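Residue-level structural notes
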Amino acid sequence: MPTVPFLGTTISAMALKISVIGTGYLGATHAACISSLGFEVVGIDTDAAKIAALQNGKVPFFEPDLEELLSAEIASGRLTFSTSFDDLRDADVHFICVGTPQVKDGLAADMTYVNGALEAIAPLIKAGSLVVGKSTVPVGTAARLRARLLEINPDVDLAWNPEFLREGFAVDDTLHPNRLVVGVTNDRAENILKEVYAKNLAEQTPWVRADLPTSELVKVAANSFLATKISFINAMAEICEAAGGDVTVLAKAIGYDPRIGSRFLQAGIGFGGGCLPKDIRAFMARAEELGARQALEFLREIDSINLRARARVIDLVRRDLSEDLMGKKVAILGAAFKPDSDDVRDSPALDIAVQIHAAGADVVVHDPKATHPAKQRFPALTFTEDIDECLREAEIVLHLTEWKIYRELDPSVIKGLVKRPILIDGRNMLDRSKWQAAGWHVRALGRADTN
Ligand code: UGA
């Protein structure tokens with residue numbers, strides 16, 4: 001068994017005990033995945049209900065494969081959960097996985113939970129242990145936290161290890177990341193992380209050692225780039241609409257250039273979720289603090305192109321319903337910010353639903369997984385898990401989250417349910433010719449109407 005130097009002594013790598021602070025999306029997935037590598041892991045969260053669910057093998061959100069993994073790891077005895085920070089005293093490596101949402105009164109990230117986690121664990125953790133931040137934070141945070149940590153507890157260390165998992169693929173992305181980035185200030189911290197990720201290293205996962213600020217920047221730079229790619233294609237959609245072109249053909253054609261690549265060029269109602277929107281805003285806020293506002297000025301435009309896509313769908317609805325939405329039934333397919341997730345944070349689909357509802361329409365939203373969290377967030381909207389009920393007597397149908405079940409709908413069958421067969425494909429994912437052949441009028445962003 002490999003060994004790792006630990007405070008001058010050596011201990012067996014598999015004997016490393018790990019704690020994960022914050023058991024939301026990132027932390028619950030990370031805890032279960034690290035446990036599956038053979039480590040003893042304790043997940044800590046101050047939310048007693050969340051911990052109670054996890055202890056019973058229940059994941060409080062929808063993520064493919066996670067619940068099975070979680071149950072197996074709990075059964076193995078390696079994975080436990082607790083609300084008490086006392087239970088992490090024994091651990092050698094502490095991953096901070098708490099959230100950094102957007103502050104209520106600005107663009108910046110709210111650091112309350114990250115700061116709170118550090119203050120809570122700093123006096124408790126044992127000499128020689130390593131704190132590893134995974135949360136997405138403004139650049140400069142890791143160095144600040146490290147200084148604070150050493151002030152409270154000089155015998156420990158802090159590193160940064162950003163996470164790139166995608167919701168809907170969280171388990172696979174965590175077990176088989178396309179790269180591992182470690183922000184460290186010394187070899188010892190890197191060596192400990194090499195032991196934690198020994199399996200990935202054996203699989204030749206690229207390993208990037210960076211300083212603390214670069215490791216924090218990698219994460220926000222990656223999300224900014226992805227957001228930019230999506231808004232780029234949505235800007236092209238606006239141009240296609242003005243010029244009579246077709247953005248889906250344009251995306252396909254430019255995507256064949258390997259320097260551009262075809263992924264993240266799906267034009268539609270744009271990006272949402274708990275990451276991309278808040279990350280680009282927090283990045284802008286931080287750049288301003290650093291006196292580098294101009295460098296990220298383009299992200300302001302990326303954000304507005306993104307929000308404009310939502311408004312453009314509403315314009316299409318108005319156009320087809322003769323401007324007057326009052327009392328008209330609008331069927332909305334999708335509430336989650338993307339398929340295979342029940343996450344409704346900054347969901348473009350729900351934002352559109354809310355705006356159409358506010359204009360007086362009778363909106364009914366369907367989603368296979370997200371109706372419960374969506375209803376909690378927007379109790380005034382009507383939700384159903386019955387697609388037929390959603391579509392019945394609708395004057396217009398909006399396809400806003402590209403769940404597979406919507407691609408499997410038979411347009412000739414559901415035409416019999418609606419009042420008027422008008423479809424807006426907000427994700428450019430449905431087979432337009434099939435829907436048109438069944439008698440539907442199909443509208444989409446970035447494509448001219450053909451019937
Ligand atoms: C994103 C990044 O992809 C992850 O690498 C990162 O780890 C994560 O944020 C995070 O910061 O934690 P995620 O939020 O799960 O992951 O979702 P994405 O798959 O990136 O999709 C974001 C949004 O973009 C969705 O609303 C999706 O519908 C939209 N999108 C995506 C498009 O509109 N067009 C596309 O071509 C692709």
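What you see is a predicted model, and the numbers here were worked out from it, not measured in a lab.

The number of helices and strands found in the chain is 18 helices and 16 strands. In terms of overall dimensions, the chain is globule-like: its C-alpha atoms have a radius of gyration of 24 Å, near the 22 Å expected for 451 residues. C-alpha atoms of the chain, sized along the principal axes, occupy 75 × 50 × 40 Å. A total of 451 residues make up the chain; the buried ones form 54% of that total. Restricting the contact set of the chain to residue pairs at least 6 apart, pairs at least 24 apart contribute 72%. As displayed, the chain offers around 18,900 Å² of accessible surface, 55% of which is attributable to carbon and sulfur atoms. Looking at the chain, you have 50 positive and 61 negative side-chain charges, and the mean spots of the two groups are 3 Å apart.

Here we take up the site of the ligand. Surrounding the ligand, one finds 21 residues, the nearest of these being Phe164, Leu165, Glu167, Asn223 and Gln266. In the model, an oxygen atom of the ligand is placed 3.4 Å from a nitrogen or oxygen of the leucine 265 main chain. Arginine 427 places a side-chain nitrogen or oxygen 3.2 Å from an oxygen atom of the ligand. Within the complex, 90% of the 710 Å² of free accessible area of the ligand lies under protein. Secondary structure elements with two or more residues in the shell around the ligand: helix H9 (212-243) and helix H11 (276-289). Looking at the shell around the ligand element by element, the count peaks at 4 residues for H9. Along the lines of polarity and charge, the residues of the shell around the ligand split into 10 nonpolar, 4 polar and 7 charged. Each of domain 1 (3-210) and domain 2 (215-451) gives at least three residues to the shell around the ligand.

The phi dihedral of glutamine 204 falls on the positive side, at around 70°, and the residue is not glycine. For glutamine 204, the position within the fold is in the loop between helix H8 (198-202) and strand E10 (207-210). Since its relative accessible area comes to 65%, glutamine 204 is described here as exposed. Phi is positive for asparagine 428, which is not a glycine, with a value near 50°.

In this section: the domain arrangement of the chain. The extent of an interface is frequently quoted as the accessible surface area lost upon association of the parts. One can read the domain layout of the chain as domain 1 (3-210) and domain 2 (215-451). The interface is formed by 28 residues belonging to domain 1 together with 25 residues belonging to domain 2. Summing both partners gives a buried area of about 2,200 Å² for domain 1 against domain 2, and 60% of it is carried by carbon and sulfur. The largest per-residue losses of area from domain 1 upon contact with domain 2 belong to Phe62, Val139 and Glu167, which jointly make up 32% of the total buried on that side. Taken together, the connections running from domain 1 to domain 2 amount to 1 salt bridge. Taken together, domain 1 and domain 2 are joined by 13 residue pairs in polar contact (both at pLDDT 80 or more). Looking at the side of domain 1 that touches domain 2, the elements with two or more residues in it are helix H5 (141-152) and strand E9 (180-183).

Burial of strand E4 (residues 40-44) is extensive: 4 of the 5 residues sit out of reach of the surface. Looking at chain direction, strand E3 (residues 17-21) and E4 are connected through 5 bridges and run parallel. Across the sheet, residue valine 20 finds its bridge partner in E4, namely glycine 43. Handedness of the crossover is the feature at issue here: the chain leaves E3, passes through helix H1 (residues 25-36), returns alongside E4, and the resulting connection is right-handed.

According to the stated counting rule, one finds 38 salt bridges in the structure shown. Salt-bridge contacts for glutamate 241 lead to arginine 312; the nearest nitrogen and oxygen are separated by 2.7 Å. Within this pair, whereas glutamate 241 is found in helix H9, its partner arginine 312 is found in helix H12 (residues 297-320), the two being separated by 71 residues in sequence. Salt-bridge contacts for aspartate 257 lead to arginine 259; the nearest nitrogen and oxygen are separated by 2.8 Å.

This brings us to the state of the cysteines. Under the counting rule described, the total for this entry stands at 0 disulfides. Lacking any disulfide linkage, cysteine 97 is separated from the closest cysteine sulfur, that of cysteine 33, by 11 Å. For cysteine 275, which is in no disulfide, the shortest distance to another cysteine sulfur is to cysteine 97 and amounts to 13 Å. The partly exposed category is assigned to cysteine 275, whose relative accessible area is 33%.

Counting 51 residues, the largest nonpolar core has Val317, Val330, Ile356, Leu391, Val397, Leu398 and Trp440 as the members making the most contacts within it. Those elements that place two or more of their residues in this core are H12, strand E11 (329-333), helix H13 (348-358), strand E12 (362-366), helix H15 (387-391), strand E14 (396-399) and strand E15 (422-425). Once residues lying within four places of it in the same chain are set aside, the contact partners of valine 317 are Leu325, Ile356, Ile396, Leu398 and Ile424. In this structure, Leu16, Tyr25, Leu165 and Ala170 belong to the second largest nonpolar core, which totals 40 residues.

With that settled, the discussion passes to H13. Those residues of H13 lying buried are Pro348, Ala349, Leu350, Ile352, Ala353 and Ile356. Residues of H13 that are buried make contact with H12, E11, E12, helix H14 (371-377), strand E13 (382-384) and E14. At the C-terminal side of H13, glycine 360 shows a positive phi close to 105°.

It is worth spelling out the packing of H9 against H12 at this point. Describing two packed helices takes the angle between their axes plus the distance from one axis to the other. At a closest axis distance of 9 Å, the pairing of H9 and H12 adopts a crossing angle of 50°. For the element pair H9 / H12, the angle class is oblique. As for how H9 packs across H12, the hand of that crossing is left-handed. Between H9 and H12, the contacting residues are Ser224, Ala227, Thr228, Ser231, Asn234, Ala235, Ala237, Glu238 and Glu241 on the first element and Phe298, Leu299, Ile302, Ile305, Asn306, Arg308 and Arg312 on the second. Tallied by class, residues from the contact of H9 with H12 come to 7 nonpolar, 5 polar and 4 charged.

Definitions and cut-offs
- Residues numbered from 1 in each chain as written.
- Predicted model: local features only at pLDDT ≥ 70, side-chain atom pairs only at ≥ 80, totals over all residues.
- Heavy atoms only, no water.
- Helix = DSSP H or I, 4+ residues; strand = E, 2+ residues; numbered from the N terminus.
- Rg over C-alpha atoms; globule rule 2.2 N^0.38 Å.
- Buried < 20%, exposed > 50% of the residue type's maximum accessible area, 1.4 Å probe, protein only.
- Contact = heavy atoms within 4.5 Å.
- Areas by Shrake-Rupley, 256 points an atom, 1.4 Å probe, with all protein chains shown as cover.
- Lys, Arg positive; Asp, Glu negative; His and termini not counted.
- Charge placed at Lys NZ, Arg CZ, Asp CG, Glu CD.
- Near = heavy atom within 4 Å.
- Polar contact = N/O pair within 3.5 Å; in protein donor to acceptor, adjacent residues only side chain to side chain.
- Nonpolar A, V, L, I, M, F, W, Y, C, P; charged D, E, K, R; others polar.
- Domains from an automatic or database assignment.
- Buried area = accessible area lost by both parts, 1.4 Å probe.
- Salt bridge = Lys/Arg side-chain N within 4 Å of Asp/Glu carboxyl O.
- Pairing = 2+ DSSP bridges.
- Right-handed = clockwise from strand over helix to strand, strands pointing away.
- Disulfide = S-S within 2.5 Å.
- Core = buried A, V, L, I, M, F, W, Y, C linked by side-chain atoms within 4.5 Å.
- Axes fitted to C-alpha atoms, helices over the stretch in contact; angles between N-to-C directions.
- Parallel < 35°, antiparallel > 145°, perpendicular 65-115°, else oblique.
- Left-handed = near helix turned anticlockwise from the far one by under 90°.

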